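Okay, here's what each chain looks like letter by letter:
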Amino acid sequence: MAREDTYAADPEDALEMTRIMEQDQLVTKGMGGTFPEGDIPDDIQHILDVGCGSGGWVLDVAYRYPECEVVGLDVSEPLLAYARARANVQQRQNVCFVHGNVLSDLNFAEGEFDLVNIRFATAFLFRDAWVPVLKKLYHILRPGGIIRVTEIDTMGLTNSLAVETLLSYVYQTLGKMGYGFSPNFHSMGMTPVLKGLFTAAGFEQVKLFPWAIDFSCGTELHQKQYENYIATFDTLQPLALKAGLTTEEEFQDLLNQMHVDMVQENFQGVWHILTARGIKPQSSPSS
Ligand SMILES: C[S@@+](CC[C@H](N)C(=O)[O-])C[C@H]1O[C@@H](n2cnc3c(N)ncnc32)[C@H](O)[C@@H]1O
């Protein structure tokens, strides 16, 4: 069956599903929680997470704010089934996971949500889709509601030449496919444009919150990022070869070197992440 989304990876592939589950834990922990910028206001009751993946963020928010109703939307049925199973095991009553494609019509009413969250949409929204999607989310937010987007320029910066070269293939491949905003594909180029994208969609009072996740050798999150890289590069290889960026032999050599470098005591890496928050104005001409 033809895919209904524009995700660079296949969200129903077992390796990618596992990567999404592991990355969720890595990022929430590394950022310091679901809202590390500070508690949400008391009048936030109805929350939507777009591209919720394995549901980790939704479940964590629902646990921390039991008075809130938290909805997770995703295009992948297997990931939704996993998220629902987790909700059942945790006996979490205030969550709901729904199937939907944010590029198509959304089955939500105008002004239905107090807060809409998206984390890591860089690889499933083509650059031209960002403003139309943000406008759609503007529509389903109530006046005064919060849009909250967490994005990245890189998958980490490291002192390993092999890792940096492999990561550069990620940005070049995705950039050429139409993702991100980097003019030269040296990164995903997301953080410089988030504020402008919010403004173009009608949001105001945009605030930016930067985070840094240390995944150097010896840190708690080192192993998870190592596994994240292994899965990412496995998915990347055919795409990078197709794009003519590398050869099978060079790619394998880089992977071998990555395995050597990442277990060295002096391996160092930091992942910079940015959360942008904006508000839908109280009186909005185009809601
Ligand atoms: C990189 S994962 C991020 C998951 C989660 N937000 C997180 O940060 O852990 C991207 C997710 O978006 C979903 N997705 C891709 N295209 C989508 C679309 N058009 N509409 C809704 N979800 C989509 C994928 O199935 C996947 O679960």
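Source: prediction; values computed, not measured.

Structural notes on a negative patch on the surface
Point 1. Among the surface-exposed residues, E4, D10, E12, D13 and D234 lie close enough to one another that they form a single negatively charged patch.
Point 2. Topologically, D10 is positioned in the segment before α1 (14–31).
Point 3. Looking at D10, the relative accessible area reads 34%, which means it is partly exposed.

Focus on the pairing of strand β5 (residues 141–152)
Point 1. Where burial is concerned, most of β5 is hidden: 11 out of the 12 residues are buried.
Point 2. Where β5 and strand β8 (residues 269–279) come together, seven bridges link them in antiparallel fashion. Paired with I152 across the strands is I273, a residue of β8.

A closer look at the packing of α1 against helix α7 (residues 222–242)
Point 1. It is at 10 Å that the axes of α1 and α7 come closest, and there the two elements cross at 150°. As summarised for this structure, α1 and α7 are arranged roughly antiparallel, according to the angle between their axes. Of the two possible hands of crossing, α1 and α7 adopt the one that is left-handed. Together, L15, E16, R19, E22, Q23, Q25 and L26 of α1 and K224, Q225, E227, N228, A231, T232, D234 and T235 of α7 make up the contact between the two elements.

Here we look at the nonpolar core
Across soluble globular proteins, nonpolar side chains have a tendency to be buried as a group.
Point 1. Ranked by size, the top nonpolar core spans 73 residues in total, and within it L137 and F233 carry the most contacts.
Point 2. Ranked by the residues each element gives to this core, the list is headed by helix α5 (residues 161–177), at eight residues.
Point 3. Sequence-distant contacts of F233, that is, excluding residues within four places in its chain, are made with V163, L166, L167, V170, F251, L255 and M258.
Point 4. Formed by 20 residues, the second largest nonpolar core is a distinct cluster that contains I44, W57, V58 and V70.

So, how was this worked out
- Residues numbered from 1 in each chain as written.
- Predicted model: local features only at pLDDT ≥ 70, side-chain atom pairs only at ≥ 80, totals over all residues.
- Heavy atoms only, no water.
- Patch = residues over 30% accessible without salt bridge, like charges linked within 9 Å, V, L, I, M, F, W, Y side chains within 5 Å.
- Areas by Shrake-Rupley, 256 points an atom, 1.4 Å probe, with all protein chains shown as cover.
- Salt bridge = Lys/Arg side-chain N within 4 Å of Asp/Glu carboxyl O.
- Lys, Arg positive; Asp, Glu negative; His and termini not counted.
- Charge placed at Lys NZ, Arg CZ, Asp CG, Glu CD.
- Helix = DSSP H or I, 4+ residues; strand = E, 2+ residues; numbered from the N terminus.
- Buried < 20%, exposed > 50% of the residue type's maximum accessible area, 1.4 Å probe, protein only.
- Pairing = 2+ DSSP bridges.
- Axes fitted to C-alpha atoms, helices over the stretch in contact; angles between N-to-C directions.
- Parallel < 35°, antiparallel > 145°, perpendicular 65-115°, else oblique.
- Left-handed = near helix turned anticlockwise from the far one by under 90°.
- Contact = heavy atoms within 4.5 Å.
- Core = buried A, V, L, I, M, F, W, Y, C linked by side-chain atoms within 4.5 Å.

Read these as layout, nothing more, since geometry by itself doesn't imply function.
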